[in-house]
Each structure stands twice: as C-alpha cells, then as structure tokens.
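The residues making up each chain are set out below.
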Amino acid sequence: MDIANRSQQLQRGISGCSANLQRPLRIVLALSCLLISSLSLASVNLTGIDFSSKQGGRFQVKLDFDGTPPEPKGYNIEKPARIALDFAGVSSQLKQKKHPLSFGNASSAVVLESSGRTRMILNLVELAPYTTRVEGNSLYVEVGDAGARDYLKPAREDKLVAATQKVSKARGNEIRSIDFKRGELGEGKLLITLDNPKADINVFVEGEKIKIDFKGASIPESLQRRYDVSDFATPVQQVEAAANEGGAIFALRAIGEYDYLAYQTDNDYVVSVKPLTKAESEQRQKEFAYVGEKLSLNFQDIEVRAVLQLIADFTGLNLVASDTVSGKITLRLQNVPWDQALELVLKTKGLDKRQVGNVLMVAPAAEIAERERQEIENNKQVEELAPLQTEYIRIRYADAKALFELFKDGGTEDEGDSGGSGTMLSLRGSIIVDERTNSLLVTETAQKLEDFRRVIKLLDVPIRQVLIEARIVIANSDFDEQLGIQWGGVYESEANSASGGNRLIAGGSNNTFVEQANGETIDWDDALGVDLGVSNPVGSFSLGYIGTDVALSFELSALESQGRGEIVSQPKVITGDKQLAVIKSGTEVPYQQSSGNGATTIAFKEAVLKLEVTPSITPDDRIIMDLVINQDSLGDLIQLPGGRGTIPTIDTTQLETQVLVGNGETVVLGGVFRTEDVKSESKVPVLGDIPYLGRLFRQTSIRQVKAETLIFITPRILADTLID
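In this numbering scheme, every chain counts its residues from 1 along its sequence in written order. The predicted origin of the model limits local features to residues at a pLDDT of at least 70 and limits the giving and counting of side-chain atom pairs to 80 or more, whereas totals for whole chains, interfaces and linings rest on all residues. In computing side-chain properties, one takes all heavy atoms of the structure into account and sets aside hydrogens as well as water.

## Quick word on a nonpolar patch on the surface
Keep this limit in mind: Like charges are joined within 9 Å and nonpolar side chains (Val, Leu, Ile, Met, Phe, Trp, Tyr) within 5 Å, but only among residues with over 30% relative accessible area and no salt bridge; these make up the patches. For the area figures, the Shrake-Rupley method with a 1.4 Å probe applies, and any residue is considered shielded solely by the protein chains shown. Should a side-chain nitrogen of Lys or Arg be within 4 Å of a carboxyl oxygen of Asp or Glu, the pair is scored as a salt bridge. Think of it this way: any DSSP run of H or I at least four residues long counts as a helix, any run of E at least two long counts as a strand, and we number them from the N terminus.
Together, Leu687, Ile690, Leu693 and Leu696 line one region of the surface with nonpolar side chains, adding up to about 290 Å² of accessible area. Inspection of the secondary structure puts Leu693 in the loop between strand E39 (667-683) and strand E40 (698-717).

Set out below in structure tokens:
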C-alpha cells in the first residue's frame, strides 16, 4: 500500500510538470513530491473504537488514537440516513471493519481506510445531529438530539439525572425471560425480555456463532442453560445462555447461508436470523469472491512487470515472472482487493498464475498450459515405466466385491488416458477379489497403491445402525340387536252328511294332516303363519293354545350382543444407514386356480404384517425414513364361476410415506377410522305396515361396527461400539 501510494503521487507530480522545465528542476520537483508523500504517510493510527448508549435515545462513539486526533470532516446523507466522518492522514489498525449496533437509532458502523485517510460511516434509522469533542488522544462523537435539555432548568436536570443514575445503580438490569419463535419467512427469532430498556448490548459473530453480550445485565440461574431449537426448522440450531463477568452473554449456533438482524423495542431485544435464498447466496458470493486487502493503483503506460512487483511487495509474496511477460498497461483502480486487481491485470495481458505456498508464478496462459501438459505426459511415462507391486488389502466392514465394482474399469478406454473412464486402475493394473476372506489383491504401481489405500480407508468404515420400532394398533367395537316373532295356528270344522264326514282344515304354511287307524286323531305340525324369528337367539318367549278344533302358537325371540377388541402389532427391525430392511409375519393362504392347459394348480396369497423401511441418518442425528407398512388379514372366500373352486380376498391396510424424525422420538404416521351402522327390517307385505298390529308381522335388526387403526413409528440410532 505504501509503495503504491508513493509511486502514484510521484507519477502525478511528474506528469503535472511542464514539458519545458529543465531536467534539474524536474528532479527537485520529484524529490519534493516524494518528501510530501512520505510526510503524509507518517500519519496518526486509529487503535480502538467503542460504542455506548446515552439517555434520551442518544449514543456515543469513542475513537482512540496513538496521537492527537485530527479534526474530522463530515457530511450527512438523509436517504439512507448516514453520518460520514473523514480523518485525513489516519491509518486504521482495527481488525474489524463492520460493527453491528443495537441502539434505537443506529444499525451499524463501518470503518474503512482509503487514499491516506480513514472514514467512519454511521448507518442510522433516521438522520440525527451529532457533536464531537477531543479529550487527550480520544475523539468522542455523540449522536442524538440533546436540544430538549435546554428547555429544562439546569438544577432540575442535574437532580433528575442523579436520581435516574441512583435508581439504575440500585436496581440494575435483569433478563426476565427468553423465547424462540419461527417467522413467516423461515427465520429464527430469539426474544430476550429485559427488566428495563437501558442496556449496553454488543452483537458480533465469532466463528459459526452469533453472540449477544449484555454488559451489566444479570440472568437468573433458571435461564442459564443450552436450548435445542433445531425442531423449529430455522438456521439456528442451538441457543446458549450464560453469565459472564460483565453481565450475560447469548450464543446462537447457526448453519447454512444466513443473515441476521438485531434490534430493540422497549424492553424486548430481538435477534432475527434469516436463511438466504439461492439468489441472495449467489449475490453474496459475488460480493465476497475477492478477500484480499484493498489497494489503489493509478498508472499510465507502466510496465506489467512493475505492476506485478508492486502487488508482490504489497502482499508479501515471492514473485517469479516468465521472460515472456512484457508490455505496458494503463490502469486506475481505487480501493480494490489486491487479488481482484491481479486478476484484472493478468486477464488484460493474456497471462495466468500459479501459486505454490508463498511463491507466485506468472506467465502467459498458453505457456502455463503447455508446461502442465508436458508435466502430465512426463508423469504418465514415469507411471508406465514404474515397477508393479502386489499388495493384499483386507476389507473389514465393506463388501470387497462392491469395492471391486468401484475400482474396476467401468467404460471404454480412450486413447491417451491412463485407464478406462470411471476407473482408478491404470492400464497395467489389476484387481482380484477373494470373497472367502473378503479381501482385494491389487497389482499396481507404488503411487496407485497409495491412492487405493487412501480411498479404501475412507470407504471401509462401519455403517451406523438404526433400530426401527413400529406399533400398529387396531381397536374395534361392535353392537348387534335383533328382535323377531313366530306365530301360527290351525282351525278344523267337520260336517256330517249321508255319504260320510267332510273336514275343512285352515292353518299355517307347513301344516300336516295325519289320520291314524281309528280315523279319530288329527296332528298339526309347524303350522306357522309368520316365521320372522331370530337365528340362534339368546332369549325367547313362547305361548300356545290348543282347543277342540283350534290350535294357536306364539314365540318372541331376541338377541343383543356387544364386543370390544384391540390388536397391537409391534414389529422391530435393525438395519444400517441407507440400507433397506423388510420384516414380515403372517400366513400364506392357498387357493386353487386353473392353468392354461386346464389343470388345477395351487397358488398362495399373503396375509401378513410387513414393515419395509430405508433409513438415512442426517448430520444432526435425525432420521429420514422411507416407509411401507402393511397390515393384511384374510377376508371372505369368493366362488369362482364354473365350479372351479374359491379364491380368498385380503383385507389390506397399507401406509407408504417418507418422514423425518428425531432420534428416539415417536411420531404418528397416520390412522384409519371406519364406522359401519346398519339397520334392517323384514316384514310381511301390507300386514307389516298396520300401526301397532303390524309389529306382529315384522323383524328388526340393528348393527353398529367401529374400527380405528393407528400407526406409530420410533427410530433409535444405535451407539457405535466398533473400534477402528
């Protein structure tokens, strides 16, 4: 940076002189410009920065220097609201350029160094006046409207401030509660409620954690613990609350690409962590593609080798430039990362670079490509001439045959390649699989054998295992009520005549006339008029009457049954990560079927309980499962046409889904609720419709069936007990 500025100022000074000046005068002018540049570089350094809040919504910025602070030159921007202060001749020694602020009217502060000056930018919610004052080697910038205090009497103000400070010192500040929520856009929001809004808060990023430091605030022991918030599906996975020497500190561990915002509303302090979309992430990567320290270059017709030397001096790298690097370049770059400036120079002149350690090699792109091609050919020749070695590699956890499929030649060989496409083997190498000992016999060069050992060490590891437990609960209840009636009778009349006796018999449908030898006895059997009785009744009531020529019978039958049942099936299976597992329990029902030649064969249908699962363990120890669950039972038998036998039906309950479950947690995958309500009535036409009397000609039946099926799943990751 120093060399670039000196060269830039020297170039400007020389180009600014008239072409008619004598050579000695030009030399004196150049030396004067260089002296002025050196004096300007002997600047004051900014060594520290601190932020604190004031009463009335104001805040203060303290800037520490290693010498007398210069007078700042500032300007304001209304939209967006900003205050910018320039310190001429000041170099920044701060490690952090951007400082998030949590004050009511401030969002962040940025300190940048450029062209021999340091600029501090305060990003505000709305523009506010500011004042500056110098005390020793410190410069204080106070932002906020203090004009309201002019309307108060000084004595009254002093008493009010003293009383406020006294109450604040006696009362202090305490964190009342902690809450975590998920926003509409998938952001994680940490809500911290304070005892009063007067708090000194500092937010910063440390590694993969966002830390919030509450200075002078106490936190109860009941809130000091680690909170797991991964189930909220936000970038924040964990929140840790603890007390430190200066107050309380919170640490939010977030994953993925995210951005955060911290703000305070009254007594609530909110930290919102929002996941970045793909477009936002790509935009951020473009902005931060170059991470080098910034520099400024302003030259006209300067040698490319000189520019490369300046960049090497600025970065402290060793430079090796090819003899073919030549030509001149004109460039003006202000506050540009050095790696971006180097890339622009190389692209402009058709050059390319390779960096090995702290050595930077620069040459034309075609020259570097040709050199690398020659290195590849030399390595290939060395490999073709290298002696072959045979090594016996024992596979412990993986399948040797599966590894062989990975290593062997999987495609057509291309001319000039060291091996076939998709293979690690060279043209001279070979692999033999010993399935009995689960080993590989590899014949290759020493370098290839080293590659094989490295890859096998990565692949030959034990697979984590998962215990999957399913519970299928089937609960059913049924209610059946039937009421029926049977009655009948027979009537006989006899009329005598000269030719003999005639009989008239009337009765039910099944009456039977029987005359014995003496011709005097008549028997009536099952003379039923209405047969609407209940089959297999649990209770019945009969009444009958037999007279000289009349017989009547009456029977009332009833049935009521109620039952409840619960079937619990609990299949369990252990399988490896991303390995399919199937468990079945049940019967295979045989049935007859006709073959194409007319013969009868026996076939089978499964009526089983089956659990089919493929688990995948995520990096945060949760399990993604592809599940297929069947609960089948034997149904009715269906008669095949033509008397070819019967075929059974299978009552099936099946669930097929994918679910994400935490380790050891139970989730209800689904359920089926079925209700059957049947009411039936049998009656004699016309007679059964007569009010009240029609009850003697009807049979009623009520049937209610309820069945409920629930499926639960619980995965558990088994502990790793194998030692490499």
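## Concerning the packing of aromatic side chains
To describe a pair of aromatic rings, you give the distance between the ring centres and the angle between the ring planes. Note the threshold: Note on ring pairs: Phe, Tyr and Trp rings are taken, using the six-membered ring of Trp, and paired if centres are within 6.5 Å. Classes follow the plane angle, with under 30 degrees stacked, over 60 edge-to-face and the rest tilted. Exposed residues in this analysis have more than 50% of their type's maximum accessible area, buried residues have under 20%, and partly exposed residues fall in between, with area computed by a 1.4 Å probe over protein chains only.
A full pass over the atoms with the stated rule returns four aromatic pairs. Taking the centre distance of 5.8 Å and the plane angle of 55 degrees together, the rings of Phe65 and Phe87 count as tilted. Residue Phe65 is located in strand E2 (residues 59-65), and its partner Phe87 is located in strand E4 (residues 82-88); the two are separated by 22 residues in the primary sequence. Judged by relative accessible area, which is 5%, Phe65 ranks as buried. With relative accessibility at 2%, the residue Phe87 sits in the buried group. A ring pair is formed by Phe180 and Phe232, whose centres lie 5.1 Å apart and whose planes are at 75 degrees; its orientation type is edge-to-face. Here Phe180 is found in strand E11 (residues 173-182), whereas its partner Phe232 is found in the loop between strand E16 (226-228) and strand E17 (236-244), with 52 residues between them in sequence. For Phe180, a relative accessible area of 10% gives the class buried.

## Points about the sheet that holds strand E13 (residues 200-206)
Heads up, the condition is: For two strands to be treated as a pair, DSSP must find no fewer than two bridges joining them. Structural elements are reduced to axes, namely lines fitted to C-alpha atoms, with helices fitted over the stretch in contact, and the angle between N-to-C directions of any two is expressed from 0 to 180 degrees.
Read from one edge of the open sheet, five strands run E13-E14-E18-E17-E16, paired in antiparallel fashion. At either margin of the open sheet sits one strand with a lone partner, and together these are E13 and E16. Here the average twist between neighbouring strands, direction ignored, is 15 degrees.

## A few points about the packing of helix H8 (residues 400-407) against helix H9 (residues 446-459)
Our working definition: By definition in this entry, angles of less than 35 degrees are roughly parallel, angles greater than 145 are roughly antiparallel, angles of 65 to 115 are roughly perpendicular, and the rest are oblique. Helix crossings fall into two classes, left-handed where the near helix is turned counterclockwise from the far one by less than a right angle and right-handed where it is turned clockwise. When checking whether two residues touch, look at their non-hydrogen atoms; a contact exists if any pair is within 4.5 Å. Note on residue classes: Ala, Val, Leu, Ile, Met, Phe, Trp, Tyr, Cys and Pro are nonpolar, Asp, Glu, Lys and Arg are charged, and everything else, Gly too, is polar.
Contact pair H8 / H9: the axes reach a minimum separation of 12 Å and the direction vectors enclose 130 degrees. Classified by the angle between their axes, H8 and H9 sit oblique to one another. When the axes of H8 and H9 are compared, the crossing they make is right-handed. Across the interface between the two elements, Leu403, Leu406 and Phe407 from H8 touch Phe452, Val455, Ile456 and Leu459 from H9. For the contact of H8 with H9, the per-class residue count stands at seven nonpolar, no polar and no charged.

## So, the environment of Gln579
Relative to the assigned elements, Gln579 resides in the loop between strand E34 (572-576) and strand E35 (581-594). Relative accessible area serves as the criterion here: at 38%, Gln579 is assigned to the partly exposed category. Counting along the chain gives 36 residues from Gln579 to Pro615, while the straight-line C-alpha distance between them is 6.8 Å. With sequence-adjacent residues up to four places away left out, Gln579 is seen in contact with Ile463, Val613, Thr614 and Pro615.

## Some remarks on the confidence of the model for the protein chain
This is how it is decided: Per-residue confidence from the predictor is given as pLDDT, running between 0 and 100.
Counting all residues, the mean pLDDT for the protein chain is 77, and 78% of those residues have values of 70 or more. In the predicted structure, residues 410-421 sits below a pLDDT of 50 and forms 18 contacts with residues beyond four places in sequence or in another chain. Contacts from residues 496-500, a stretch scored under 50 in pLDDT, to residues over four places away or in other chains number three contacts.

## Examining helix H6 (residues 338-348)
Going by this rule: The directions considered for the arc are those from the helix axis to the C-beta atoms.
Here H6 has its buried residues at Trp338, Asp339, Ala341, Leu342, Val345 and Leu346. In an axial view of H6, the angular spread of the buried residues amounts to 160 degrees, which keeps them on one side of the axis. Along H6, exposed side chains directed more than 90 degrees from the buried face belong to Lys347 and Thr348. Taken together, the buried residues of H6 touch strand E21 (294-303), helix H5 (304-315), strand E23 (328-337), strand E24 (351-356) and strand E25 (359-364).

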